[in-house]
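What the coordinates show
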Amino acid sequence: QQKVQQSPESLIVPEGGMASLNCTFSDRNSQYFWWYRQHSGEGPKALMSIFSNGDKKEGRFTAHLNKASLHVSLHIKDSQPSDSALYFCAVSMGYNQGKLIFGQGTKLSIKP
Amino acid sequence: DPKIIQKPKYLVAVTGSEKILICEQYLGHNAMYWYRQSAKKPLEFMFSYSYQKLMDNQTASSRFQPQSSKKNHLDLQITALKPDDSATYFCASSQEAGANSDYTFGSGTRLLVI
């Protein structure tokens, strides 16, 4: 049974700083990985996906995947108050037709 | 304009009653899903549908029944409601039900069972 664990549970970062979020997964057959962001009262919104080992950069966001270490991370550069939200890591196995397994989330607060 | 409409936004129900949660998507997607978000728990996959056919069901209880009357609709009927069913229920969709498909989520229906 796939387990997806996120750390830290909560994180406070000063405005303009770097936020680093971590996610570990248990099943080595995991294929596809996403980071979602959820603001209060809204549904989760996909930030970025990463499918291959290494780094993927989209604007201020960089995801890093290491399948051998069962680890995926998200780094947010130049954090803005609007980045304050709940961040989820989600994993797809590759054979289960769209089912995502989510981590429990990291609550990120950006302090002005 | 919201691309996935979930109705109602908030719902209070009495234990033992039955409710239907509505979901419509206007993205032209062929796959739709239901997820549940409870306090202190991760988002949990419930159902996936592709071209109006059930693909996967991870809900242990038969009290939860998805209903797809049209390609862009996937409603969720919940019978014999229990306080433990209190959660926010999210509908989502993707172009296809592939393992690497990008999801779009609705804004959720927050259900409180008293």
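Okay, so let's go over this structure. (Residues numbered from 1 in each chain as written. Chains lettered and ligands numbered in written order. Predicted model: local features only at pLDDT ≥ 70, side-chain atom pairs only at ≥ 80, totals over all residues. Heavy atoms only, no water.)

One pass over the full model with this rule turns up two disulfides over all chains. The side chain of Cys23 of chain A participates in a disulfide bridge whose partner is Cys89 of chain A; the two sulfur atoms lie 2.1 Å from each other. As the torsion about the S-S bond is roughly -65°, the Cys23 of chain A-Cys89 of chain A disulfide counts as left-handed. A residue pair is termed long-range when its members are at least 10 positions apart, and Cys23 of chain A in strand β3 (residues 19-25) and Cys89 of chain A in strand β9 (residues 85-92) qualify at 66 residues. Residues Cys23 of chain A and Cys89 of chain A agree in their burial class; the two are buried. Between the sulfur of Cys23 of chain B and that of Cys91 of chain B lies a disulfide, 1.9 Å long from S to S. (Disulfide = S-S within 2.5 Å. Helix = DSSP H or I, 4+ residues; strand = E, 2+ residues; numbered from the N terminus. Buried < 20%, exposed > 50% of the residue type's maximum accessible area, 1.4 Å probe, protein only.)

Below, the discussion takes up the sheet that holds strand β7 (residues 64-67) of chain B. All names here are of chain B. The strand order β1-β3-β8-β7 describes an open sheet built from four strands, whose pairing is antiparallel. Lying at the two open borders of the sheet, with one neighbouring strand each, are β1 (4-7) and β7. When the angles between neighbouring strand axes are averaged without regard to direction, this sheet yields 15°. (Pairing = 2+ DSSP bridges. Axes fitted to C-alpha atoms, helices over the stretch in contact; angles between N-to-C directions.)

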